Amino acid sequence: MKQSYTSLIKSIGPGFLLAGAAIGVSHLVQATRAGAEYGFVLLGALIIACLTKYPFMEFGPRYTSTTGKSLIEGYKGIGQWALQLYFIISIGSAFIIQAAVTLVTAGLAEYLFRLGISVFGWSCIILSLCILILWIGRYKTIDRLMKLLISGLTIATLIAVFLALDNEKNTNLFSFTHPDLWQVSSIAFIIAFMGWMPIPVDASVWHSIWTKEKNKQYLNNSTKNSLLDFNIGYLSASFIGLLFFLLGVLVFFGREIELSTTAVGFSGQLIEMYQYSIGEWSKTIIAIAAFFAMFSTTLAVTDAYPRVFDEYIKLQIKTVKHSKNRYVLLLIFISILSLGLLYFFSNSFTVFIDFATGLAFLTSPIIAWLNLKLVTADDFPKNEKLKPVYLWFSKICLWFLICFGLFYLGFHLIT
């Protein structure tokens, strides 16, 4: 029993990295905006987004722990077309996602430290710090750091929600009216909100790579432990998403305050409105929790894409092996291009965020289908195949992602 418990504790890690990557833009920005602008009416959208992505995210650790291969290696096994399709999706989203999470982190950093540094300046500092951490410590550092960040964030956010629930200003929440859900702007925002709630589906590939890296350290790690680790991370990310949604409702909804369209402005409104609703003393707690959330996201995303592209290069050129130098070069290259995007678009905060999250939702069905194809293949070990009920649930979720994506495209073209 003691050995099993020790093995479980050691196996926990990739799930926290997943939570760290998830708890960021989707939570602080999109979940808060959803609650602030629409009240409780979008609670169902949050729950549906978390449920429908669950199986396709879970297939990452399931496939990797069972076969010893990452999802990217699995795509290669399906066919060269599948690998190239994923690569195109990654290229199209990598720099945008990196830029988006860094932008929000930079806004919070300036609000928290008030050094008079521009958003772009803070972005350079934050990405440089992430590169340094990953260059020196690689996986072990990010693994340990994320456990601390996510645990601290969860405690701070729970405190904030309980205090906001007890606030006498929230007695008439259900008397306010929300915007029309059938407006073009509302449909676009709902898609953007669900796109990264709690995390985009293509992050399943990141998680599979982190799981593979973790399994190199602990050779006896079981599929059962890997799935438990995933569930801890995914459910934590979903739960904290709900908490930020509730904070948006309890603090902003019905107060007739227009949310800022700049990173620093939005960060200030977020923290100052919590201060107004909960109390002066809570300002520091919220500011630190918000900054930790976004820094953990930026750190995880900064690590993820170089690993993805490194894996792709190794598969395309069979004589090439994993290289620390190549990882670092990719780390720097992706960060520089992301900073280039920020230099030109950092003033269009909400538009930039909505575009990044909406793009993630529209590409989700492709990654979801590829992941389902891998775990239902004939050569996948029988003892880890999906049970009939879970398989049907996964297919229903896939059809939902497809139909909702097509609905959005059709609605957008008609209007």
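Analysis parameters
For every chain, the first residue of its written sequence is number 1, and the numbers climb from 1 along that sequence. Reporting in this predicted model follows two pLDDT cut-offs: at least 70 for local features of residues, and 80 or more for side-chain atom pairs to be given and counted; totals over whole chains, interfaces and linings ignore these cut-offs and use all residues. As a rule here, side-chain values come from all non-hydrogen atoms in the structure, and water together with hydrogens is ignored. A run of H or I in DSSP becomes a helix once it reaches four residues, and a run of E becomes a strand once it reaches two; helices and strands are each numbered from the N terminus. Whether a residue is buried, partly exposed or exposed follows from its accessible area with a 1.4 Å probe, protein chains only, as a fraction of its type maximum: under 20%, in between, or over 50%, in that order. In what follows, residue pairs with any heavy atoms lying within 4.5 Å of each other are defined as contacts. Each accessible area value is a Shrake-Rupley result obtained with a 1.4 Å probe; residue values ignore everything except the protein chains displayed when judging cover. Centres within 6.5 Å are what make two rings of Phe, Tyr or Trp a pair, Trp counting through its six-membered ring; a difference in plane orientation under 30 degrees is then read as stacked, over 60 as edge-to-face, and the rest as tilted. By definition here, charges over rings are those cases where NZ of Lys or CZ of Arg is within 6 Å of the ring centre and within 35 degrees of the ring normal. In this analysis, axes come from line fits to C-alpha atoms, helices being fitted only over the stretch in contact, and the angle between any two N-to-C directions falls in the range 0 to 180 degrees. In these notes the angle categories are as follows: under 35 degrees is roughly parallel, over 145 is roughly antiparallel, 65 to 115 is roughly perpendicular, and the rest is oblique. Think of a 1 Å grid over the protein atoms and nothing else: a 1.4 Å probe that fits but is trapped marks a cavity, an open set flanked by protein within 12 Å on at least five of seven lines marks a pocket, and residues with an atom within 4 Å of a point count as lining. Grid points are joined across faces, edges and corners, and a volume is the space filled by probe spheres set on the points. Gly falls in the polar group here, along with every residue not listed as nonpolar (Ala, Val, Leu, Ile, Met, Phe, Trp, Tyr, Cys, Pro) or charged (Asp, Glu, Lys, Arg). What is meant by a nonpolar core is a set of buried Ala, Val, Leu, Ile, Met, Phe, Trp, Tyr and Cys residues, joined one to another through side-chain atoms within 4.5 Å. Salt bridge, as used here, is a side-chain nitrogen of Lys or Arg placed within 4 Å of a carboxyl oxygen of Asp or Glu.

### Quick notes on the overall build of the protein chain
Right, so step 1: Helix and strand counts for the protein chain stand at 15 helices and zero strands.
Right, so step 2: Taken across its 415 residues, the protein chain has 58% of its residues classed as buried.
Right, so step 3: Considering only contacts in the protein chain between residues 6 or more positions apart, those separated by 24 or more positions represent 86%.
Right, so step 4: For the protein chain, the exposed area adds up to about 17,600 Å²; of that, 67% sits on carbon and sulfur atoms.

### Description of the environment of Ile91
Right, so step 1: Assignment of secondary structure puts Ile91 in helix α6 (residues 80-113).
Right, so step 2: A relative accessible area of 34% means that Ile91 is categorised as partly exposed.
Right, so step 3: Between the C-alpha atom of Ile91 and that of Phe309, which follows or precedes it by 218 residues, the distance is 9.1 Å.

### Quick word on the packing of aromatic side chains
Right, so step 1: By the definition in use, this model includes 20 aromatic pairs.
Right, so step 2: Judged by centre distance (5.3 Å) and plane angle (75°), the ring pair of Phe120 and Tyr343 falls under edge-to-face. With Phe120 in helix α7 (residues 119-165) and Tyr343 in helix α13 (residues 324-345), the pair connects residues that are 223 residues apart, well separated along the chain.
Right, so step 3: Its relative accessible area of 55% is what places Tyr343 among the exposed residues.
Right, so step 4: Centroid distance Phe189 to Phe193: 6.2 Å. Interplanar angle 5°. Geometry classified as stacked. Highlighted residues: Phe189 and Phe193, both in helix α8 (residues 184-195), separated by four residues, approximately one helical turn.
Right, so step 5: We classify Phe189 as buried; its relative accessible area is 4%.
Right, so step 6: For Phe193, a relative accessible area of 0% corresponds to the buried category.
Right, so step 7: Connected via pairs of aromatic rings, a cluster forms that spans Phe87, Trp206, Trp210, Tyr305, Phe309 and Tyr312.
Right, so step 8: Geometry around Tyr111 places Arg114 over its ring, the cationic atom sitting 4.3 Å from the centre.
Right, so step 9: One cation-aromatic arrangement involves Lys395 over Trp392; the distance from NZ or CZ to the ring centre is 5.2 Å.

### Looking at the packing of helix α3 (residues 25-38) against α6
Right, so step 1: The contact between α3 and α6 brings their axes to 10 Å, and the two run at 80°. Judged on the interaxial angle alone, α6 and α3 are roughly perpendicular. Contacts between α3 and α6 involve Val25, Leu28 and Val29 on the former and, on the latter, Ala100, Val101, Val104 and Leu108.

### Digging into empty space enclosed by the protein
Right, so step 1: In the structure shown here, the tally under the stated rule is three cavities of 30 Å³ or more.
Right, so step 2: Forming the boundary of the largest cavity are 14 residues, of which Ala21, Trp196, Ile199, Pro200 and Thr297 lie nearest the centre.
Right, so step 3: Contributions of two or more residues to the lining of the largest cavity are made by α2 (14-22), α3, α6 and α12 (282-316).
Right, so step 4: Among the residues forming the lining of the largest cavity, the class breakdown is eleven nonpolar, three polar and no charged.

### Quick notes on the nonpolar core
Right, so step 1: Membership of the largest hydrophobic core comes to 124 residues, with the highest contact counts inside it found for Leu42, Phe56, Tyr75, Phe193 and Trp206.
Right, so step 2: Once residues lying within four places of it in the same chain are set aside, the contact partners of Leu42 are Ala34, Leu181, Phe189, Ile190, Phe193 and Phe245.

### Concerning the pattern of salt bridges
Between side chains of opposite charge, a pair can form as their charged atoms come close.
Right, so step 1: Enumeration over the complete set of coordinates arrives at six salt bridges.
Right, so step 2: Two residues, Lys212 and Glu311, come together in a salt bridge whose shortest N-O distance is 3.6 Å. Taken together, the residues Lys212 in helix α9 (residues 203-217) and Glu311 in helix α12 connect sequence positions 99 residues apart.
Right, so step 3: The buried category is assigned to Lys212, whose relative accessible area is 17%.
Right, so step 4: Between Arg307 and Asp303 there is a salt bridge, with its nearest N and O atoms 2.8 Å apart. Of this pair, Arg307 and Asp303 both sit in helix α12, separated by four residues, roughly a single helical turn. Both residues of the pair, Arg307 and Asp303, count as buried.

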